[in-house]
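Survey of secondary and tertiary structure
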Amino acid sequence: MRTFPSYRGDLRYVCTQCRGHFPGDDLLYVCPACSGVLLLEDASFETLKARDGAGWQALFDARAASCNPALAGIFRFYELIAPVLEEEDILCLGEGNTPIIPAAPALREKLGLEFAFKNEGQNPSASFKDRGMACVFSYLKSLVRKHGWTSLLTVCASTGDTSASAAMYASYLGDPVTSIVLLPHGKVTPQQLSQPLGSGARVLEIPGVFDDCMKVVEFLSENYRVALLNSKNSWRILGQESYAFEVAQWRRWDLREVCVFVPIGNAGNITAVMQGFLKLHALNIIADLPRIFGVQSHHADPVYRYYAAPAQNRAYAAVAVQPSVAQAAMIGNPVSFPRVRMLAERYQYLGGPGSFQVIQVTEQAIIDGMLEANRHGHIACPQGGECLAGMQSALRHGLISSRNFCILDATAHALKFADFQNLYFTAAFSPDFGITPKPELVNAPELVLSPQERQDLGEDLFIRETAARIAGRLELSPRNAA
Ligand SMILES: *Cc1c(COP(=O)(O)O)cnc(C)c1O
Ligand SMILES: [Zn+2]
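Given the structure is predicted, the values throughout are model-derived calculations rather than measurements. Numbers given to residues run from 1 along each chain, matching the order in which its sequence is written. Lettering for chains starts from A, numbering for ligands starts from 1, and both go in the order in which the items are written. Reporting in this predicted model follows two pLDDT cut-offs: at least 70 for local features of residues, and 80 or more for side-chain atom pairs to be given and counted; totals over whole chains, interfaces and linings ignore these cut-offs and use all residues. Note: side-chain values were computed over all heavy atoms of the structure, leaving out hydrogens and water.

Taken together, 13 residues surround ligand 1, and among them Lys 129, Asp 161, Asn 266, Asn 269 and Thr 411 come closest. The definition of a polar contact used here is a pair of N or O atoms within 3.5 Å, where within protein one atom must be able to donate a hydrogen and the other to accept one, and adjacent residues in sequence count solely through side-chain atom pairs. In the model, an oxygen atom of ligand 1 is placed 2.7 Å from a nitrogen or oxygen of the Asn 266 main chain. Starting from 380 Å² of accessible surface for ligand 1 in isolation, the protein chains cover 96%. Taken together, the residues of the shell around ligand 1 sort by class into 5 nonpolar, 6 polar and 2 charged. Residue proximity to a molecule or strand is established when one non-hydrogen atom of the residue lies within 4 Å of it. Computed with a 1.4 Å probe, the accessible areas rest on the Shrake-Rupley method; for each residue, only the protein chains presented here act as cover. Polar here means any residue other than Ala, Val, Leu, Ile, Met, Phe, Trp, Tyr, Cys and Pro, which are nonpolar, and Asp, Glu, Lys and Arg, which are charged; Gly is therefore polar.

Printed below as a string of structure tokens:
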């Protein structure tokens with residue numbers, strides 16, 4: 001399949017607050033009328049219904065075999081993502097199309113139901129953020145082309161992965177695009193800090209937490225000429241919807257009994273996942289909506305608190321966060337909350353009560369979940385552990401059963417969060433995390449002999465003695481034993 005789709009949509013911003021709409025041909029972060037958070041929708045979406053559900057399924061299945069890089073990754077679903085981009089605008093660095101790995105048999109047996117991890121850590125910058133960035137940078141590329149801009153400064157606040165991803169795409173595009181990232185000083189992991197530094201971004205650190213960085217970035221975007229790359233930028237949400245499309249395609253478009261678990265931080269991801277499934281449903285590409293479970297730590301749980309209250313007296317309030325191993329989701333005032341509220345209403349209307357729920361889990365359950373998964377051959381980050389903990393909680397509370405198939409979002413690669421694993425293994429968490437290491441999950445390297453011992457043995461005996469000690473520790477039997 002070499003031809004690029006001919007369909008072009010009519011994208012416009014819709015305000016989640018006043019429901020006003022505004023043309024999608026420029027960057028807009030908040031509603032010009034009421035400052036509400038925006039979403040992008042295709043005003044021509046209805047015309048896509050000319051193709052029936054089976055027709056769309058066949059098209060997307062055929063594209064899975066396409067060699068065209070502009071239809072690879074997230075743009076396999078071009079018509080549902082940003083069908084205003086030209087082929088030359090599309091930037092693909094290998095994002096999307098991440099593997100869905102069924103739980104190891106022993107883990108599945110231990111937990112008592114079937115589930116799988118979608119390994120978002122296998123995206124190029126090792127987190128799901130690349131899906132949204134591929135879309136927004138493709139859009140920026142189209143703006144540069146159309147307007148002939150000679151300079152474009154992009155800014156974002158980050159808990160780590162947004163900046164890693166933004167810096168990577170910006171440095172790939174190069175002139176005239178440059179990347180500035182704002183990070184909370186000392187609050188991102190060394191791996192996450194190394195990423196934008198390695199990509200050559202300008203990294204500005206601020207004392208405080210993510211929510212503080214976000215406020216500064218918003219102020220900058222309101223008062224200066226910069227492109228804001230946080231998920232307030234609705235183009236990121238569009239690209240992120242590809243996660244839902246891939247899940248549906250992996251299940252051969254049959255989502256009966258499927259439950260999808262997603263960690264909630266700034267709530268952009270869960271917004272996109274809901275919107276993605278709603279689009280598939282509207283086009284009859286799927287007949288059933290999967291149930292969606294948002295998961296939050298008890299140390300950063302404003303969305304959980306909102307939905308935990310009875311429907312008639314819900315009130316949203318930001319929370320002050322406490323330290324969390326699910327650091328990428330450690331956000332007390334999620335920018336996308338109004339989007340979640342709007343979409344959850346529609347989702348529940350179509351999917352029935354309980355089709356969207358939010359679950360709260362402890363820090364202990366999050367890190368234990370991550371370690372348990374990884375001891376079974378997975379590569380989950382703490383947020384993936386959070387999903388596992390959420391699934392276990394849902395099972396305990398009877399919200400799901402062994403009839404269900406759960407898909408857990410392992411949002412980043414485990415390696416990005418190696419320091420938390422290390423704190424656990426060395427029992428070095430500060431008390432405010434509230435985490436006690438379980439001995440059966442702890443692991444440590446064993447030094448077989450000291451440098452002094454090696455020197456004393458000399459080179460002749462070194463190999464023989466080291467091997468003998470290892471054989472002793474492992475209780476190996478000799479090869480020639482009867
Ligand atoms: C950004 C991020 C999250 C949180 O996603 P939101 O869209 O902010 O809710 C979770 N996990 C990882 C690894 C992330 O990078
Ligand atoms: Zn508005």
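So, on to the side chain of Ser 221. Mapping Ser 221 onto the fold places it in helix α7 (residues 210–223). Here the side chain of Ser 221 touches Glu 218 through a polar contact of 3.0 Å, landing on its backbone oxygen. Whether two residues are in contact is decided by their heavy atoms, any of which lying within 4.5 Å being enough. Excluding its chain neighbours within four sequence positions, the residues that come into contact with Ser 221 are Tyr 29, Val 226 and Leu 228. Strands here are runs of E lasting at least two residues and helices are runs of H or I lasting at least four, both read from the DSSP assignment and numbered beginning at the N terminus.

In this text, buried Ala, Val, Leu, Ile, Met, Phe, Trp, Tyr and Cys residues form a nonpolar core when linked through side-chain atoms within 4.5 Å. Note on classification: 1.4 Å probe, protein chains only; a residue is buried when its accessible area is under 20% of the maximum for its type, exposed when over 50%, partly exposed between these limits. By size, the foremost hydrophobic cluster in this structure holds 106 residues, and its most contacted members are Phe 137, Trp 235, Phe 277 and Phe 356. Among the elements that take part in this core, helix α4 (residues 129–147) stands out by supplying 9 residues, more than any other. Ignoring anything within four residues of it in the chain, the contact list for Trp 235 reads Leu 11, Tyr 13, Gly 24, Leu 27, Leu 40, Ala 82, Val 84, Gly 132, Cys 135, Val 136 and Tyr 139.

Bringing the pattern of salt bridges into the picture now. Throughout this description, the term salt bridge denotes a Lys or Arg side-chain nitrogen within 4 Å of a carboxyl oxygen of Asp or Glu. Summed over all chains, the structure comprises 21 salt bridges. Close ionic contact of Asp 89 with Arg 145 constitutes a salt bridge, the shortest N to O distance being 2.8 Å. In this pair, Asp 89 sits in the loop between α2 (78–81) and β4 (100–102) while Arg 145 sits in helix α4, placing the two residues 56 residues apart along the sequence. What makes Asp 89 buried here is its relative accessible area of 1%. The exposure class of Arg 145 is partly exposed, given its relative accessible area of 36%. Glu 246 is the partner of Arg 131 in a salt bridge, and the nearest nitrogen-oxygen pair spans 2.9 Å. In this pair, Arg 131 is assigned in helix α4 and Glu 246 in helix α9 (residues 242–250), connecting sequence segments 115 residues apart. With a relative accessible area of 0%, Arg 131 lands in the buried category. Judged by relative accessible area, which is 6%, Glu 246 ranks as buried. Members of the salt-bridge network, linked through shared partners, are Lys 118, Glu 120, Arg 131 and Glu 246.

Attention now moves to the sheet that holds strand β8 (residues 202–206). Taken in spatial order, the 4 strands of this open sheet run β8-β7-β6-β9, and their pairing is parallel. At either margin of the open sheet sits one strand with a lone partner, and together these are β8 and β9 (227–228). Where strand β6 (residues 152–157) meets strand β7 (residues 177–184), 6 bridges bridge the pair, whose relative direction is parallel. Pairing of Val 155 across the sheet is with Ile 180, part of β7. Note on geometry: axes are lines fitted to C-alpha atoms, helical ones only across the stretch in contact, with angles between N-to-C directions running from 0 to 180 degrees. Where α4 meets the sheet, its contacts fall on β6, β7 and β9, and the angle it forms with β6 comes to roughly 160 degrees. Together, β6 and β7 form the strand contacts of helix α5 (residues 161–173), whose direction differs from that of β7 by roughly 165 degrees. Any two strands between which DSSP finds at least two bridges are classified as paired.

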